[in-house]
Amino acid sequence: MVLLRRGRSISIFLISYTLGSRRTKRIVIGVVVAAVLIAGGIWFKEKIYPEYFILRPAYDKGIELMASGEYEEAIKQFESCGEDYRDCKNQIRACRLEMVREGYEADAREKVEAWKSMPQTGKEIDALNACLKLQSERLDNGEKLEAFGKMLLEESKKEISGDKAVGTVSMFITVAKTLKGKPAPILVIRNRILEEYKTQLDNAKAYGVLSGFYTSLSEIDSADYSEEINECTYLQGLEYLNNGAYQKAADEFLSIYGYKDAETMKLKSKYLLGKEYMGEAKYVNAVKEFLLSDGYEDAESLSNTCKYYYCNDHQADPDEQTRIYMDDLKKINYPGISNLTRAVEAWKVSFEAGTSNEYEFEVNLTFIGGPRDGMKGYKAIAYEKNGNALTYVSSRAVKSGFTDILSYKNNSGGSSARGKLKRIDVYDNSGNLIGSFNP
């Protein structure tokens, strides 16, 4: 029988079964039953069990969670099924969209409550509540949404000003997001945003909100609005520039480097900001802004002028910034720097009386100015009222800000130490008198 063709195997099996012994029959029946059970088990494990005990329960649970607004948990159930199972991919997308819309609704509800406390017409409140209702129902009918958007726009034209315009524009954006990218009403809303802000507020805010509007749309319909966003940012920068908000203008232009002449406009903004600081005598800030304007027009010249003004203002008490600016001006031989250098680097000393009693009198010295490298030592002469002169020579290194103490001892008694002194003179190491103190 082994040599028979495959097509006759069933006949041979039946012949074998018919002619075989009872024991043979039992064995054959057992083999057949086992084969059926194994095949059925595999089919149950691979088809029935996953569908009815894993995938379908998870899918149904996801639908249930989605219906109750538990979108994050619903997404987890759909993801456990795999995006290829039924319409899980679409359900996941729907959940995410609903989560976004829910956030808009909560934001809108909060705004509505705030607006209700503001003086406004009943129709405005009705329009706002209608918007909230629209969000709650999550309508997807294009005609209804478009009709509602137009209704809200018409209602918003009545008695809206100032902060109310801000709120209204926020509602426009909310409606636009609900419209999910339908072009006709979105175009109307976009134009209305500009109209409201240009007439009631200011253009800079209009373009800023419009830029956010396009960003919101890109999140909804996945379109590329980069050109529109860049243009809004550019126009917003121009408005800031024209209104004297130079730093804000610079920030806007910086964010769109490479678009039109944004780089040049950023430099211009920093240049004008520097001139503003210069007019306010904030010379350090002005120098910084002129540096950031990178040679725009006469920025470098104005920067040097500010450095000179700063040094001139601080020549009596020069700080480290004065030294830095003077070094810069010396390198270019700035007009007047020689005289200013002599004034700044001339040594000065301030006096402050210290301990004073019958036997001792102390004077605190503070040296100001001088060259950056300082000087080696100084000399002090104390003149007594009886005509005697006492000389003290210090060999200590002296720089601007250096302090020292002169101590006069009264060994003869009879009166206080301070009462016996007539004057104290202090000289630099070149012999120039740099300060006098009369006790």
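Right above here is the structure, for reference.
About the criteria used
Residues numbered from 1 in each chain as written. Predicted model: local features only at pLDDT ≥ 70, side-chain atom pairs only at ≥ 80, totals over all residues. Heavy atoms only, no water. Helix = DSSP H or I, 4+ residues; strand = E, 2+ residues; numbered from the N terminus. Buried < 20%, exposed > 50% of the residue type's maximum accessible area, 1.4 Å probe, protein only. Phe/Tyr/Trp six-rings, centres within 6.5 Å; stacked < 30°, edge-to-face > 60°. Lys NZ or Arg CZ within 6 Å of the ring centre and 35° of its normal. Pairing = 2+ DSSP bridges. Axes fitted to C-alpha atoms, helices over the stretch in contact; angles between N-to-C directions.

Visitor: Looking at this model, I keep getting lost on unusual backbone geometry. Mind explaining?
Guide: For residues that are not glycine, phi is negative in most cases, and the peptide bond is trans in most cases. In this model, Ala281 sits at a positive phi of 60 degrees, which is unusual for a non-glycine residue. Within the secondary structure layout, Ala281 lies in the loop between helix 12 (262-279) and helix 13 (283-292). You will see that Glu297, though not glycine, has its phi angle at about 50 degrees, which is positive. Structurally, Glu297 is set in the loop between helix 13 and helix 14 (299-313). With relative accessibility at 59%, the residue Glu297 sits in the exposed group.

Visitor: Honestly, the packing of aromatic side chains in this entry has me stumped. Any pointers?
Guide: The way to describe two aromatic rings as a pair is by their centre distance and the angle between their planes. One pass over the structure, following the stated rule, counts 14 aromatic pairs. Ring centres 5.4 Å apart and planes at 85 degrees place the aromatic pair Tyr310 and Tyr325 in the edge-to-face group. With a gap of 15 residues between them, Tyr310 in helix 14 and Tyr325 in helix 15 (residues 320-331) connect regions that are remote in the sequence. Residue classification places Tyr310 among the buried positions, given a relative accessible area of 11%. Of the residues examined, Tyr325 reaches a relative accessible area of 5% and is grouped as buried. Ring pairs connect the aromatic residues Trp347, Phe367, Tyr378, Tyr392 and Phe402, which therefore count as one cluster. Its end group placed over the ring of Tyr234, Lys260 keeps NZ or CZ at 5.1 Å from the ring centre.

Visitor: Just to check I follow, could you spell out the environment of Asp327 for this structure?
Guide: Here Asp327 is to be found in helix 15. Taking the C-alpha atoms as reference points, Asp327 and Ile337, separated by ten residues in sequence, lie 9.8 Å from one another.

Visitor: I tried to follow the sheet that holds strand 5 (residues 403-409) on my own but got confused; where do I start?
Guide: The strands making up a sheet are joined through hydrogen bonds of the backbone, oriented either antiparallel or parallel. The sheet built from three strands is open, its strands ordered 1-2-5 with antiparallel pairing. Strands at the two margins of the open sheet, each flanked by one partner only, are strand 1 (347-356) and strand 5. The mean inter-strand angle of the sheet, taken between neighbouring strand axes irrespective of direction, is 25 degrees. Relative to strand 5, strand 2 (residues 360-369) is paired through seven bridges, and the arrangement is antiparallel. The partner of Glu362 across the bridge, within strand 5, is Ser407.

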